[in-house]
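# Chain and residue survey
So you can see what is in the structure, the chains are spelled out below.
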Amino acid sequence: MNNGDKSDGLDPVTFEVLKNSFITSVDQMAEQMLRTCYSFVIYNRDFSNGLHDAEGNSVAQGTQDIAVHVGTLHFTCKEVIRAFEGDMLPGDVYAINDPYAGGTHFSDVRLIRPIFDEDELIGFSQSNGHWSDLGGSVPGSFDVAAKDMFREALRITPVRLFNGGRFCSDVANLIAANTRDPRSIIGDIHAQAQATHVAERDLLRLVKKYGRKTVTSGMAAVQDYVERAMRQRIAALPDGTWETVDYIDRDPAAGEGMIPIRIKMTIKGDKVYYDFSGSHATIGSIYNSAPGATFSAVAAGMKTFFPDLPLNSGFYRIFEIVSPENSIVSAQWPVAVTGFLMPFEKIMNSIFEMWSKIIPERAISCSFNLDLRHAEKPIFMFYDWLPGGWGGRNGLDGCNATTACFGTGLMAQPVEGQERVNPVLTTRFEIKQDSAGPGKFRGGVGVEKTSILLEAEKSVISYICDRERAVVWGTNGGLPSMPHGLTLRRAGEDRDEWLGSVFSDVPLRTGDIFSRPTAGGGGFGDPLDRDPEKVREDVEHDYVSVDRARKDYGVVLTVVDADLAEYAIDVEATERERVSIRAERRARAATDPAIVSEMYKSGQIDVLDVVRHYAVILDWANGAELPETTRQFREMHEKRTVSHWK
């Protein structure tokens, strides 16, 4: 129980009414955002909202707010309180996007409104939206070569945008003028400000009905409730320590080799401790995480295993984090942090892995990583993300074509809307066959999207992703998914150019075609234990090809009617194939990587063979061996997959 409990013992009915009213108020903020925002990015739900008490603690977040913002809103609210304490007025609205003050990255701009009942401050409402451009050296503010924030974007420390209800147009115009899309910025400022007003209106309505003391007591009570419930659940679990490691593909400013993020989780009594000691130092690109974003990743990953409880600061009281300063998970000003999503996803999947051992009925394998693309011209900003596959689960296949685990709540952007506002034509957007990691319970499938740039001048493209080398992994004997990466076919050319998973400011010309698949989730459990009938169904649904059904699952199928997608299982051949794979797979996973590289370059094996059966990572542009990366990948593969094979 929190020693600072201020709930004053509400009766159960009033408590439930207030608890749900707080959440509903935040959901109403989301509805306001969707109907008034200017940005297509925000319209597709790259936003979150929150209600806070007078100290800045989170009282409620929305039911569809994206996971990546979980655990950061209270930090930025407290930063605004520090900046303006004693100088706040009804009708004020403040802006902040500072990653070093508890935010995520510069694109996530928060507007915060103090809420007064008469002359007493009783809380704050906050609206956080992803602005598609905040200046910096490249369109979209994602320069992968940036080593510090000065090439990234405009840093907004706490600033007043509305003063007692009066719009500070000079300040707003100063911010907007430093972006590539000032009109949308001004529009989104007003949309977010009105969203904060929605929560203010609802909270004051509750005060009028129940009284100020009852409402403020309810704001404390909902936090105490979540804390009590979580402490009881943690205390019921065995004490112990669990450790794991995941990797960023590489440091673009350094040599070959993946970048480790190490986590040791300890349960002691009714509290959980996360220690990131041993994680790599900050790297020479935007793939660093400031402390607030790391806190958010831990909260989002852990909350996945306790889905029934509301989210507020009561949840944050039951865990502590140790993150060494100047590490990749604790970057300090002015280290570049715009690509924090890459360590964020690694932290979430690592927490998934550790909690899957503690609560196995909710076990889940590794999920894919979101990817972002930007193409720019003064009159348009094409900002895109794709769904992919979540990891296979204990007893269930992974979710297909779903937004990334850290982007839960995002909508897949409608192609028609993109084409309406951008000179980009999508020619293909479909399920990616064989993208799911094989397992007794396979990962969810990813997608592939191909687009062509229409008439446009001086356009550039950036691709900010990961898991090209730290490929989405399987667990409990399951196999990996597939590498991420973008291919570009220049207008008039007849071959694709592999650009990989991380680049920025690459020129595009009219007629250029860019194609990018997203990985599926990792497999859970030995794929040779998967029911052959389920494999046959996967082939009928085009999730798995006939060839990979044999290679990955040992299931041999014959074609009954290809046009009707009818296949039959060859039972005897399947039994022989599975015996053969079991006899050979350990040795195959230990094959000399140099030999595997030559086999790949000669066309004897493909990229899925290389990753799934030989556990080798190559430079996918030319097939060259990556010795250190392969060593690291094989170490993970041995622990999570090979060691579980019979």
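Report follows, based on the coordinates. (Residues numbered from 1 in each chain as written. Predicted model: local features only at pLDDT ≥ 70, side-chain atom pairs only at ≥ 80, totals over all residues. Heavy atoms only, no water.)

Moving on: the nonpolar core. Tyr274, Met302, Phe319 and Trp355 are the most contacted members of the largest nonpolar core, which has 63 residues in total. For this core, the secondary-structure elements that each account for two or more residues are helix 6 (212-235), strand 8 (240-248), strand 9 (259-268), strand 10 (271-275), helix 7 (291-303), helix 8 (313-316), helix 9 (341-358) and strand 13 (380-385). Take this core: its biggest share by element is ten residues, from helix 9. Once residues lying within four places of it in the same chain are set aside, the contact partners of Met302 are Met230, Ile234, Val272, Tyr274, Phe315, Ile318, Phe319, Ile351 and Trp355. (Core = buried A, V, L, I, M, F, W, Y, C linked by side-chain atoms within 4.5 Å. Buried < 20%, exposed > 50% of the residue type's maximum accessible area, 1.4 Å probe, protein only. Helix = DSSP H or I, 4+ residues; strand = E, 2+ residues; numbered from the N terminus. Contact = heavy atoms within 4.5 Å.)

Here the largest pocket defines a volume of roughly 560 Å³. Lining the largest pocket are 26 residues, and of these Thr63, Asp65, Val70, Lys303 and Leu311 sit closest to its centre. The set of elements that each furnish at least two residues to the lining of the largest pocket consists of helix 1 (12-36), strand 2 (58-61), helix 7 and helix 9. Ranked by residue count, the leading element in the lining of the largest pocket is helix 1, at three residues. Its residues assigned to classes, the lining of the largest pocket comprises 14 nonpolar, eight polar and four charged. (1 Å grid on protein atoms, 1.4 Å probe; cavity = no way out; pocket = protein on both sides within 12 Å on 5 of 7 lines; lining within 4 Å. Points joined across faces, edges and corners; volume = space filled by probe spheres on them. Nonpolar A, V, L, I, M, F, W, Y, C, P; charged D, E, K, R; others polar.)

Our focus in this paragraph is helix 4 (residues 169-177). Every buried residue belonging to helix 4 is among Ala172, Ile175 and Ala176, and all of these are buried. Looking down the long axis of helix 4, one finds its buried residues gathered within 95° of arc, a one-sided arrangement. The exposed set on the far side of helix 4, more than 90 degrees from its buried face, consists of Asp170, Leu174 and Ala177. Packing partners of the buried residues in helix 4 comprise strand 6 (159-163), strand 7 (166-167) and helix 5 (182-210). (Arc of directions from axis to C-beta.)

Glancing now at the side chain of Lys19. Counting through the fold element by element, Lys19 comes out in helix 1. The exposure class assigned to Lys19 is buried, which follows from its relative accessible area of 12%. Of the polar contacts made by the side chain of Lys19, one reaches the side chain of Glu16; its length is 3.4 Å. Here Lys19 is in contact with Val222, Tyr225 and Pro310, once residues within four sequence places are set aside. (Polar contact = N/O pair within 3.5 Å; in protein donor to acceptor, adjacent residues only side chain to side chain.)

Turning next to the sheet that holds strand 20 (residues 513-517). Hydrogen bonds between backbone groups are what pair the strands of a sheet, and the pairing can be parallel or antiparallel. The strand order across the open sheet formed by five strands is 14-15-20-17-18, and the pairing between neighbours is antiparallel. Strands at the two margins of the open sheet, each flanked by one partner only, are strand 14 (424-431) and strand 18 (497-500). Strand after strand, the sheet turns through a mean of 20° between neighbouring axes, direction not considered. Where strand 15 (residues 447-453) meets strand 20, five bridges bridge the pair, whose relative direction is antiparallel. Looking at strand 20, one finds that Ser451 is bridged to Phe514. (Pairing = 2+ DSSP bridges. Axes fitted to C-alpha atoms, helices over the stretch in contact; angles between N-to-C directions.)

By themselves these figures say nothing about function.
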